[in-house]
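Residue-level structural notes
If you want the building blocks of each chain, they are given just below.
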Amino acid sequence: MPFLAWRRIAWCYHLVFLAAVTWPGQTLVNTPTPFVLGMPRQMALVAILIVGSLIVLWRMDAARGREAADAGESGGADG
Amino acid sequence: MDKFTLITVLVFGYLATTLAVGLVAGRRASKSVQGYVAGDRDFGLLVMYFITGASVFSAFAFLGGPGWAYSRGAAAFYILSYGALGMAPWYAMGPKAAALGRRFGFVTQAQLLTGRFPSRGLSVLMAVLTLISFVPYVTIQMRGAGIVIEAVTDGRIPLAAGAAIAYGIVMAYVLASGVAAVGWTNTFQGVFMLAIAWTLGIYLPYRLYGGIGPMFEQILASRPELLTVPGLDPGGNAWSWGAYSTAILVSAIGFTMLPHLFMKAFTARDDKTIRRTVVLFPTFQLFLIPVFLIGFAGVLFPESPEQPDFILPFLILRTELPALVIGLFCAGALSASMSTGDALLHAGASVVVEDGVQPFRRLSDKGQRTLIRVLVVAVGALAYVLALSDSSSLVDLLLASYGVICQFMPAVLAAMYWRRATTAGVVSGLAAGSAVAVLFFLFPEWKPLGLHEGILGLIVHVPVLLGVSLAGKPQDKQHVSAFVDA
């Protein structure tokens, strides 16, 4: 997938993240049970969203690196 | 060797190592202001990662985080939520800020702003606001260091002396080595803290409840209100959704705008380093999970500390851990405090000199370095006085400082992305937004729906910035293009 598509995904992902942890999104998941990995569900949800953020950013950066390599750049000081 | 002596030896051994790392690091950096403030723009991924991580791994997270989980339950989840949100925009903003820094020689956030919007008033306003937001932040770190030392030595070294010892050492290496010391000590301290936090976060629930799941089951059975968002307010009543949601929003925005984060972008070797740091940042955020587990482990503990912020050292001392573990924990918590405190002291003093003094009176390179050093001591002394007198919670102090910092967002975005922004618009927006934020901070009873004063400030700030800018004459096209198209 091209970098620009990943960038769009990253934007949407973090907006969904914000909506999910604030009012009113958070009210949809606001019961502690069932526990996930022993933790209350809301706490586990934030942890999962953080891991998702890591994955989305990592994929986006990888796409950028591929495109920079294809374009024959070093990928270093491309700003 | 008795327990107290062993702990003291461990802690002082650790402090001596930190001092050595800080002093050695400084010998590699050049003697220029670029070397002292921006590390010759040569920080690689490892150091950048831990420098950024140190902004999460502060005394606030190590002591305030468990304190909140312990006393206010799910309210603490806001702390877990905002970091990843605040960091993500840096993937785009960081390399752009760094490119502008390289082109124009900026070493502070305010220089970036006044580069686009030339105004000495703006420069001073930024310096003052940065200082207003940093002092409580440094205060938090000093109190944290004092709390830890007082608790683990069972009061034999009081808070005042503990904070003085830890920050005496911080001063020594910051004064000698500048930002190079901050980078390398943060790396050393970061590794230390990660290990300690995860070990204790998993160990304490097992020791006290037989596991993480059983711990939360017992809390759910006896204190269910602690496990439902938005948790409790300081008085033990239900916290409002408005306050919880805007705490996340303000902290995320404030985090993105942290003046020292900009200064660190100017220290990076290249853009790839900045991007990789942003990508890896969420791994640091996850460290808050074991920290919260420690706080929750205290909920059903039969005794309680005098202040919630003491819960972590309190638990550790009452669960009959070996002295070695207590000593290491103490060093880990001191790392958390010092690694954030040193960066802030250095950044705060640099900002005052570069943005508050330089626009009015040009100083030589040597003069700047000397003045930064004097101010490191002055800011440190001020924070120390506040740390001894202040009794509010660590997290409340942090939230208050984010309220001011988040007012930088519209101005910084306008400088980097909005062609039509004008100096008058940015200055009036910043002044109006900050005034509103300070007003609601001083009179919290006026806040509608419990919304954070930082958000209320932004609600006034953004329209003023847009309105005044659009009403005025646009800036020169070439000048604007140098910033927006960078």
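Residues numbered from 1 in each chain as written. Chains lettered and ligands numbered in written order. Predicted model: local features only at pLDDT ≥ 70, side-chain atom pairs only at ≥ 80, totals over all residues. Heavy atoms only, no water.

Scanning chain B from N- to C-terminus turns up 23 helices and zero strands. For a compact globule of 486 residues, the expected C-alpha radius of gyration is about 23 Å, and chain B comes in at 22 Å, within 12% of that figure. Taken along its principal axes, the extent of the C-alpha atoms in chain B is 70 × 50 × 40 Å. Out of the 486 residues in chain B, the part that is buried amounts to 63%. Sequence-distant contacts in chain B: of pairs separated by 6 or more residues, those separated by 24 or more amount to 84%. A total accessible area of about 15,900 Å² is found for chain B, and carbon and sulfur atoms account for 66% of it. Measuring between centres, the 31 positive side-chain charges of chain B sit 13 Å from its 24 negative side-chain charges. (Helix = DSSP H or I, 4+ residues; strand = E, 2+ residues; numbered from the N terminus. Rg over C-alpha atoms; globule rule 2.2 N^0.38 Å. Buried < 20%, exposed > 50% of the residue type's maximum accessible area, 1.4 Å probe, protein only. Contact = heavy atoms within 4.5 Å. Areas by Shrake-Rupley, 256 points an atom, 1.4 Å probe, with all protein chains shown as cover. Lys, Arg positive; Asp, Glu negative; His and termini not counted. Charge placed at Lys NZ, Arg CZ, Asp CG, Glu CD.)

Turning to the interface of chain A and chain B, a few remarks are in order. Tallying the contact residues gives 36 residues for chain A and 37 residues for chain B. The tally of links from chain A across to chain B stands at one salt bridge. For the pair chain A and chain B, the number of links is four residue pairs in polar contact (both at pLDDT 80 or more). Only helix H1 (3-21) and helix H2 (41-70) of chain A provide two or more residues apiece to the side of chain A that touches chain B. (Salt bridge = Lys/Arg side-chain N within 4 Å of Asp/Glu carboxyl O. Polar contact = N/O pair within 3.5 Å; in protein donor to acceptor, adjacent residues only side chain to side chain.)

What follows is about the domain arrangement of chain B. Residue and element names in this part refer to chain B. The assigned domain composition of chain B is domain 1 (3-402) and domain 2 (407-486). Look at where the C-alpha atoms of domain 1 and domain 2 centre, and you get two points 27 Å apart. Each partner contributes to the interface: domain 1 provides 33 residues, whereas domain 2 provides 37 residues. Summed over both sides, the interface between domain 1 and domain 2 buries roughly 2,800 Å², with carbon and sulfur atoms accounting for 77% of that surface. Ranking the residues of domain 1 by area buried against domain 2 places Lys-96, Arg-116 and Phe-117 at the top, with a combined share of 28%. Between the two partners, domain 1 and domain 2, sit zero salt bridges. Seen at the junction of domain 1 and domain 2, the total is 11 residue pairs in polar contact (both at pLDDT 80 or more). Those elements that place two or more of their residues in the side of domain 1 that touches domain 2 are helix H6 (90-104), helix H7 (109-116), helix H8 (120-152), helix H12 (241-256), helix H13 (259-265) and helix H19 (394-405). The element best represented in the side of domain 1 that touches domain 2 is H6, accounting for seven residues. For the side of domain 1 that touches domain 2, the per-class residue count stands at 23 nonpolar, seven polar and three charged. (Domains from an automatic or database assignment. Buried area = accessible area lost by both parts, 1.4 Å probe. Nonpolar A, V, L, I, M, F, W, Y, C, P; charged D, E, K, R; others polar.)

All names here are of chain B. Taken together, Val-438, Leu-439, Phe-441, Leu-442, Phe-443 and Trp-446 make up a surface patch of nonpolar side chains, about 570 Å² in accessible area. Tracing the chain through its elements places Leu-442 in helix H21 (residues 423-442). The exposure class of Leu-442 is exposed, given its relative accessible area of 54%. (Patch = residues over 30% accessible without salt bridge, like charges linked within 9 Å, V, L, I, M, F, W, Y side chains within 5 Å.)

Attention shifts here to the side chain of B:Thr18. Residue and element names in this part refer to chain B. By the secondary structure assignment, Thr-18 is in helix H1 (residues 3-26). Judged by its relative accessible area of 0%, Thr-18 falls in the buried class. Once residues within four sequence positions are removed from consideration, Thr-18 is found in contact with Tyr-173, Thr-185, Phe-188, Gln-189 and Met-338.

Here the focus is helix H17 (residues 323-357) of chain B. Across its 35 residues, H17(B) extends 49 Å between first and last C-alpha, which sits within 8% of the 51 Å expected from 1.5 Å per residue. A large share of H17(B) lies buried, amounting to 30 of its 35 residues. (Expected span 1.5 Å × (residues − 1).)

Moving on, we get to the environment of B:Ser240. Topologically, B:Ser240 is positioned in the loop between helix H11 (212-222) and H12. Beyond its immediate sequence surroundings of up to four residues, B:Ser240 is in contact with B:Pro230, B:Leu449 and B:Gly450.

This part covers the pattern of salt bridges. All names here are of chain B. Throughout the structure, instances matching the rule amount to six salt bridges over all chains. Among the salt bridges present, the one from Arg-223 reaches Glu-225, with a minimum N-O distance of 2.8 Å. Arg-318 is the salt-bridge partner of Glu-303, the closest N and O atoms lying 3.5 Å from each other. You can see Glu-303 sitting in the loop between helix H15 (288-297) and helix H16 (311-318) and its partner Arg-318 sitting in helix H16, a full 15 residues away along the chain. Since its relative accessible area comes to 43%, Glu-303 is described here as partly exposed. Residue Arg-318 is classed as partly exposed on the basis of its relative accessible area of 35%.

Summed over all chains, the structure comprises 20 aromatic pairs over all chains. Considering the side-chain rings of B:Trp68 and B:Trp239, the 5.5 Å spacing of their centres and the 80° angle between planes classify their relative orientation as edge-to-face. Of this pair, B:Trp68 sits in helix H4 (residues 59-72) while B:Trp239 sits in the loop between H11 and H12, placing them 171 residues apart in sequence. Of the two residues, B:Trp68 and B:Trp239, both sit in the buried class. Cluster of aromatic residues (ring-pair linked, three or more members): B:Trp68, B:Tyr78, B:Tyr82, B:Trp239, B:Trp241, B:Tyr244, B:Phe255 and B:Phe281. Cation over ring: A:Arg59 sits above A:Trp58, and NZ or CZ is 5.4 Å from the ring centre. (Phe/Tyr/Trp six-rings, centres within 6.5 Å; stacked < 30°, edge-to-face > 60°. Lys NZ or Arg CZ within 6 Å of the ring centre and 35° of its normal.)

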